[in-house]
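Single-letter residue listing:
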Amino acid sequence: AALREGYEHFDPRAYLRNNYLPPRADFSSEEFVVPWKLRCLAETFASGEIRGRTLIDVGSGPTIYQLLSACDHFEEIVATDYLAVNREELGRWARGEPGAFDWSPFIQHVCKIEGRGEPWQDKERRLRQRLRRILPIDVHRPEPLGAPLRPPADALLSAFCLEAVSPDRAAFVRALAHVGNLLRPGGHALLLGALGESFYLAGAARLPVVPLQESDVREALAAAGFALRELRSYAMPPALRTGVDDVDGVFFAHAQK
């Protein structure tokens, strides 16, 4: 209940400014956090192993960067978020409305690291075509969408959601198991999340986060019925500790149900 109340003050634009403009979204070097996240996703999807009909993005927030490499490998992408303001922000971008957040530097960077020589506008167009549904979700319910996803998703992606909406580690594990219900057996799960973070800011909202270590991520995935395939971590450098959170680092996990 306290988390729900806090998220009523969540400001998507403030969140985007804090995390997806410079200095954090600096593409001049792979040492910065946003290029690191994009490379983790690009390299994992480049294997060709993670593909299928449907990918579900759990807790999309107001962002689409996490879907850029995924969109080449799925017929449909389902974005989800608990907050209507975030679903509205995603909808503005998906419809190409004036005033939507400019993700073009992210799209250009992903096209560069994927190395296929593709015009970035083609990838933007493809993601918009494949982002067919933006749904409400509550990861604390055994059926997070209110009903089973039919057919179940072939892959699941979630970036900076579960640890930011769970009051403790036990709730984090339960939420991970709940979203796993949306995934077919053998399906792949890709997670990006915060390490050692206890809060973050989004405008007037100061939101609590479950501080996780790598060992917590490993244990949570196993407890929720996933086999860990890969775990990477990134240490946040002093220059990117801007006061909008107290994050120590970022993890990237690839697991299989």
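The following paragraphs examine the structure supplied in this document. (Residues numbered from 1 in each chain as written. Predicted model: local features only at pLDDT ≥ 70, side-chain atom pairs only at ≥ 80, totals over all residues. Heavy atoms only, no water.)

### Side note on the overall build of the protein chain
In terms of helices and strands, the protein chain carries eight helices and nine strands. Radius of gyration (C-alpha) of the protein chain: 17 Å, near the 18 Å computed for a compact globule of 257 residues. By principal-axis analysis of the C-alpha atoms, the protein chain measures approximately 45 × 40 × 30 Å. Of the contacts made within the protein chain by residues no fewer than 6 positions apart, 73% connect residues no fewer than 24 positions apart. Surface exposure of the protein chain reaches about 10700 Å², of which carbon and sulfur atoms provide 51%. One way to put it: in the protein chain the 31 positive side-chain charges average out to a point 4 Å from where the 34 negative ones average out. (Helix = DSSP H or I, 4+ residues; strand = E, 2+ residues; numbered from the N terminus. Rg over C-alpha atoms; globule rule 2.2 N^0.38 Å. Contact = heavy atoms within 4.5 Å. Areas by Shrake-Rupley, 256 points an atom, 1.4 Å probe, with all protein chains shown as cover. Lys, Arg positive; Asp, Glu negative; His and termini not counted. Charge placed at Lys NZ, Arg CZ, Asp CG, Glu CD.)

### So, the sheet that holds strand S2 (residues 74-81)
Strands belonging to one sheet form pairs held by backbone hydrogen bonds; the direction of such a pair is parallel or antiparallel. Pairing within the open sheet is mixed, and its seven strands lie in the order S3-S2-S1-S4-S5-S9-S8. This sheet does not close on itself; its edge strands, each paired only once, are strand S3 (131-136) and strand S8 (227-235). Adjacent strand axes in the sheet meet at a mean angle of 15°, parallel and antiparallel pairs treated alike. Where strand S1 (residues 52-58) meets S2, five bridges bridge the pair, whose relative direction is parallel. Directly across from Gly-52, in S2, lies its bridge partner Phe-74. Contacts from helix H3 (residues 33-46) reach S1, S2, strand S4 (153-159), strand S5 (183-195), S8 and strand S9 (249-256) within the one sheet, and its direction differs from that of S9 by about 10°. Strands in contact with helix H6 (residues 120-130) are S2 and S3; relative to S3, the strand with the most contacts, it is inclined by about 55°. (Pairing = 2+ DSSP bridges. Axes fitted to C-alpha atoms, helices over the stretch in contact; angles between N-to-C directions.)

### Focus: the packing of helix H5 (residues 104-114) against H6
Between H5 and H6, the least distance of the axes is 9 Å, while the angle of their chain directions is 110°. Accordingly, the angle class assigned to the pair H5 and H6 is roughly perpendicular. Our pair here, H5 against H6, has a crossing hand that is right-handed. Across from Ser-104, Ile-107, Gln-108, Val-110, Cys-111 and Glu-114 in H5, the residues of H6 making contact are Trp-120, Lys-123 and Glu-124. Partitioned by chemical class, the residues of the contact of H5 with H6 number four nonpolar, two polar and three charged. (Parallel < 35°, antiparallel > 145°, perpendicular 65-115°, else oblique. Left-handed = near helix turned anticlockwise from the far one by under 90°. Nonpolar A, V, L, I, M, F, W, Y, C, P; charged D, E, K, R; others polar.)

### A word on the side chain of Ser-166
Here Ser-166 lies in the loop between S4 and helix H7 (169-180). With a relative accessible area of 3%, Ser-166 lands in the buried category. Side-chain polar atoms of Ser-166 contact the backbone oxygen of Leu-162, separated by 2.8 Å. For Ser-166, the residues in contact, after removing those within four places along its chain, are Leu-3, His-140, Ala-171, Phe-172, Ala-175 and Val-210. (Buried < 20%, exposed > 50% of the residue type's maximum accessible area, 1.4 Å probe, protein only. Polar contact = N/O pair within 3.5 Å; in protein donor to acceptor, adjacent residues only side chain to side chain.)

### Structural notes on the packing of helix H2 (residues 12-20) against helix H4 (residues 84-94)
Two elements in contact, H2 and H4, have axes whose closest approach is 10 Å; the angle formed by their N-to-C orientations is 70°. Relative to H4, the element H2 lies roughly perpendicular. Along its contact with H2, which presents Pro-12, Arg-13 and Leu-16, the element H4 presents Val-85, Asn-86 and Glu-89. Per-class residue counts for the contact of H2 with H4 are three nonpolar, one polar and two charged.

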